[in-house]
Amino acid sequence: MLRGLRAVFLRELTGYFITPVAYVFIVIFLVMAGVFTFQLGRWFQAEQADLRAFFDAHPWLYLFLIPALSMRLWAEERKSGTIELLLTLPVSRSAAVIGKFLAAWAFAVLALTLTFPVWITVNYLGNPDNGVILASYLGSALMAGGFLAVGSLMSAITNSQVIAFILSLVACFAFLLAGYSPVLEFFQGWAPQGIVDAIAGFSFLTHFQTISRGELAARDLVFFGSVIGVFLGATGVVIEMKKGQ
Amino acid sequence: MSEMIVTAGLTKRFGSITAVDRLDLTVQTGEVLGFLGPNGAGKSTTMKMVTGFLSPTSGTARVCGHEVVAEPLKVKERIGYLPEGAPLYSDMTPRAFLGFIAEVRGLSGTAKRKAVDRAIEQTQLEGVLHQPIETLSKGFKRRVGLAQAILHDPSVLILDEPTDGLDPNQKHQVRRLIREMAAAGGKSIVLSTHILEEVDAVCTRAVIIAKGRVVSDGTPASLVAKSKYHNSVSLGLRPPAGTMVFDELARLAGVAAVEDNGTIEGGERPLVRCTVMAVGGRPIQEAVAKHIGQRGWGVEWMHTQAGRLDDVFRQITGG
């Protein structure tokens, strides 16, 4: 199990770097993170020694960038026929699913890590709560994993990368919106509080915001862990179902 | 000899279509089995089930004693497989790609390097190791696919149309490679093909399937012997004007029929072309030669034909 997973992981991760995908992604991610934080988030004007504006931008950044990262995971294998090669090698389906996912996740975490100058800046200018920042980074990484797992499933459903991108975007958007206040207010007008809470409970936004306030609750970790587990499991099932087509 | 591949009642249905229908097939060590059949006969589907890519609807396939559904990884470890069209990770270089295959197959360090080097040598990939696979010619891509399949020196090699789309030189190289691997011994090789001459060139056994069932199983020679042209004699004669060549030949003992291949007028005597077919494929060339000699006909050519695989193929698969 492990040797196949490791080989798939390494192949996939190096795969990002032999094409321009990695560099384009990282550059755009960093530029956009900057734009959201400094322009739209008015971080300097706020004169607050925290990274609230920076992290608040992450869900919306991921919404567009993560589907771009995950769309090729399985769609490309199916399109080029290499899925037949991969699945007739002595590597189990789950090892292939997890290996690919972990490679994409590692790459996303690398991009996230490269935002460290922002952290250095805030420490230079003031005295932020570094514990909260660390928790926020962790929350952001977990949220990226959640988005990627959703994207992995969408990529397994189709052999078109464009369709995979759009499906992932829509699905991720739904997961975000479920916790967005205007949407919740819409439900609050008529739906019982239990249902509103349930909808909010499924939102990446709600869980991410809890973590990025510095409240590292098991509930939120379990949430993202479960999302990743469920969507990767579903990816495996879909791949098995669609093999013959 | 031992049984390397055994399928029993192997069946695959896609909706209402039965692609492979209760297929029973046993392949022994040392055999090079040519898997023939029209498009859509179920060749690829059978290979996909034996290699564990598709699960059978019913029936079983065992490779080296391991059942493919129950122990897929054990089966996959023992098989080298070239899928149809030789799909490859085209943005990798052959070196990196083969390295990946070696790692998935559990090789590392020296063992990995040795296996990769050996596969590269056998498929003569030395010149293109560091070019992205997508920039390679079709022939090289196919060789990378073959290198990947033989990397771990598998006991069972399954090649789905290994020479499809290659030029005659490339086909020759691939066939030579297959023959070399068969000669090294201890392996079973199964290859599917449309090209019937290939079966003659590399296979020890030819299996024809149609509509998912085995319709013929034997040596390539026995397959050829089923041709109505087996041991027929093709003639180009210049007999005197007015000779009833076809009637005379048809009356000879052992002759089943005479096929008129057209007469070319011109010169002193016209050139009469025909094929004399033998009853039951038994040799008739001596009788034909003797008759022609006695009658003193001019002979432009005379060859005995082994038979035409194309005809047998059409005959059997009902195309």
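Further remarks concern the overall build of chain A. In terms of regular secondary structure, chain A is built from 14 helices and zero strands. What you see in chain A, going N to C, is helices and strands ordered as α-α-α-α-α-α-α-α-α-α-α-α-α-α. For a compact globule of 245 residues, the expected C-alpha radius of gyration is about 18 Å, and chain A comes in at 19 Å, within 12% of that figure. Expressed along its principal axes, the backbone C-alpha trace of chain A runs to roughly 55 × 45 × 30 Å. Considering chain A as a whole, with its 245 residues, one finds that 51% of them fall into the buried category. Expressed as a percentage of contacts within chain A between residues at least 6 apart in sequence, the contacts between residues at least 24 apart total 78%. Roughly 11000 Å² of accessible area belongs to chain A as shown, and the carbon and sulfur atoms make up 70% of that amount. In chain A, 14 side chains carry a positive charge and 13 a negative one; their mean positions are 12 Å apart.

This part is about the packing of aromatic side chains. By the definition in use, this model includes 19 aromatic pairs over all chains. Ring geometry for Phe204 of chain A against Phe223 of chain A: centres 6.0 Å apart, planes inclined by 80°, an arrangement best described as edge-to-face. Residue Phe204 of chain A is located in helix H13 (residues 204–212), and its partner Phe223 of chain A is located in helix H14 (residues 218–242); the two are separated by 19 residues in the primary sequence. Residue classification places Phe204 of chain A among the buried residues on the basis of a relative accessible area of 0%. Positioned over the ring face of Phe100 of chain B is Arg11 of chain A, at 5.7 Å from the centre of the ring. Sitting over the ring of Phe53 of chain B, Lys243 of chain A keeps its end group 5.5 Å from the ring centre.

A few words now on the pairing of strand E11 (residues 232–238) of chain B. All names here are of chain B. In terms of burial, E11 is a largely internal element, six of the seven residues being buried. Pairing of E11 with strand E14 (residues 298–305) involves seven bridges; the strand directions are antiparallel. Note that in E14 the partner of Arg238 across the bridge is Gly298.

What follows deals with the sheet that holds strand E2 (residues 17–28) of chain B. Residues and elements named next belong to chain B. Reading across the sheet, the four strands line up as E2-E1-E4-E5 and stay open at both edges, with antiparallel pairing between neighbours. The open sheet is flanked by E2 and strand E5 (66–67), the only strands paired with a single partner. Against the sheet, helix H1 (residues 43–50) engages strand E1 (3–14), E2 and strand E4 (58–63), with an angle of about 120° to E1.

On to the nonpolar core. Trp74 and Phe204 of chain A together with Phe97, Phe100 and Ile158 of chain B are the most contacted members of the largest nonpolar core, which totals 145 residues. Looking at which element gives the most residues to this core, the answer is helix H9 (residues 130–157) of chain A, with 14 residues. Other than its neighbours up to four places away in sequence, Ile158 of chain B contacts Ile5, Met47, Val50, Thr51, Ile79, Gly80, Tyr81, Leu82 and Val190 of chain B. Ranked by size, the runner-up nonpolar core spans 14 residues in total, among them Leu252, Ala278, Ile292 and Trp297 of chain B.

Turning our eyes to something else, we now look at empty space enclosed by the protein. All names here are of chain B. In this structure the tally under the stated criterion is two cavities of 30 Å³ or more. Each pocket or cavity is described by its volume, and for the largest cavity that value is around 80 Å³. Every residue lining the largest cavity is listed: Ile5, Thr7, Leu25, Val27, Phe35, Thr46, Met47, Val50, Ile158 and Val190. Among the secondary structure elements, those contributing two or more residues to the lining of the largest cavity are E1, E2 and H1. Ranked by residues supplied to the lining of the largest cavity, first place goes to H1 with three residues. The space that makes up the second largest cavity amounts to roughly 30 Å³.

Here we come to the packing of H9 of chain A against helix H10 (residues 161–177) of chain A. Residue and element names in this part refer to chain A. Closest axis-to-axis distance for the H9/H10 pair is 8 Å, and the angle between their directions is 145°. Here H9 runs over H10; the crossing is right-handed. Here H9 contributes Phe147, Val150, Gly151, Met154, Ser155 and Ile157 to the contact with H10, which in turn contributes Ala164, Leu167, Ser168, Ala171, Cys172, Phe175 and Leu176.

All names here are of chain A. Taken as a whole, this structure holds 20 salt bridges over all chains when the rule is applied. Here Arg72 and Glu76 are joined by a salt bridge, their closest N and O atoms 3.5 Å apart. A residue pair is termed a helical-turn pair when its members lie 3 or 4 positions apart in one helix, as Arg72 and Glu76 do in helix H5 (residues 72–80) at four residues. Note on Arg72: relative accessible area 11%, which makes it buried. Note that Glu240 and Lys243 form a salt bridge whose closest N and O atoms lie 3.1 Å from each other. Judged by its relative accessible area of 27%, Glu240 falls in the partly exposed class. Within this structure, Arg11, Glu12, Glu77 and Lys100 form a network of salt bridges that share partners.

This paragraph deals with the pairing of strand E12 (residues 255–264) of chain B. Moving residue by residue along a regular strand, the side chains alternate between the two faces of the sheet. All names here are of chain B. Pairing of E12 with strand E13 (residues 271–278) involves seven bridges; the strand directions are antiparallel. Note that in E13 the partner of Asp260 across the bridge is Cys274. The turn linking E12 back onto E13 is made up of six residues, and Gly266 within it adopts a positive phi angle of 120°.

At the junction of the two partners, chain B supplies 25 residues and chain A supplies 25 residues. On the chain B side of the interface with chain A, the three residues burying the most area are Phe53, Tyr89 and Val104 of chain B, jointly 30% of the side's total. Counting across the interface, chain B meets chain A through two salt bridges. Taking the shortest distance from any N to any O, the salt bridge between Arg3 of chain A and Glu77 of chain B comes out at 3.9 Å.

Moving on, we get to the confidence of the model for chain A. Residues of chain A with pLDDT of at least 70 account for 96%, and the chain-wide mean is 87. Mean pLDDT values for the elements of chain A range from 70 in helix H3 (residues 43–46) of chain A up to 95 in helix H7 (residues 93–113) of chain A.

Attention shifts here to unusual backbone geometry. Residues and elements named next belong to chain B. Despite not being glycine, Cys64 has its phi angle at roughly 50°, a positive value. Structurally, Cys64 can be placed in the loop between E4 and E5. Take Cys64: its relative accessible area is 25%, and that puts it in the partly exposed class.

Attention now goes to a nonpolar patch on the surface. Residue and element names in this part refer to chain A. On the surface, Leu30, Leu110, Leu114, Phe116, Trp119 and Ile120 cluster together into a nonpolar patch covering about 480 Å² of accessible area. Ranked by residues supplied to the nonpolar patch, first place goes to helix H8 (residues 116–125) with three residues. For Trp119, a relative accessible area of 35% corresponds to the partly exposed category.

Rules used throughout
- Residues numbered from 1 in each chain as written.
- Chains lettered and ligands numbered in written order.
- Predicted model: local features only at pLDDT ≥ 70, side-chain atom pairs only at ≥ 80, totals over all residues.
- Heavy atoms only, no water.
- Helix = DSSP H or I, 4+ residues; strand = E, 2+ residues; numbered from the N terminus.
- Rg over C-alpha atoms; globule rule 2.2 N^0.38 Å.
- Buried < 20%, exposed > 50% of the residue type's maximum accessible area, 1.4 Å probe, protein only.
- Contact = heavy atoms within 4.5 Å.
- Areas by Shrake-Rupley, 256 points an atom, 1.4 Å probe, with all protein chains shown as cover.
- Lys, Arg positive; Asp, Glu negative; His and termini not counted.
- Charge placed at Lys NZ, Arg CZ, Asp CG, Glu CD.
- Phe/Tyr/Trp six-rings, centres within 6.5 Å; stacked < 30°, edge-to-face > 60°.
- Lys NZ or Arg CZ within 6 Å of the ring centre and 35° of its normal.
- Pairing = 2+ DSSP bridges.
- Axes fitted to C-alpha atoms, helices over the stretch in contact; angles between N-to-C directions.
- Core = buried A, V, L, I, M, F, W, Y, C linked by side-chain atoms within 4.5 Å.
- 1 Å grid on protein atoms, 1.4 Å probe; cavity = no way out; pocket = protein on both sides within 12 Å on 5 of 7 lines; lining within 4 Å.
- Points joined across faces, edges and corners; volume = space filled by probe spheres on them.
- Left-handed = near helix turned anticlockwise from the far one by under 90°.
- Salt bridge = Lys/Arg side-chain N within 4 Å of Asp/Glu carboxyl O.
- Buried area = accessible area lost by both parts, 1.4 Å probe.
- pLDDT = per-residue confidence, 0-100.
- Patch = residues over 30% accessible without salt bridge, like charges linked within 9 Å, V, L, I, M, F, W, Y side chains within 5 Å.

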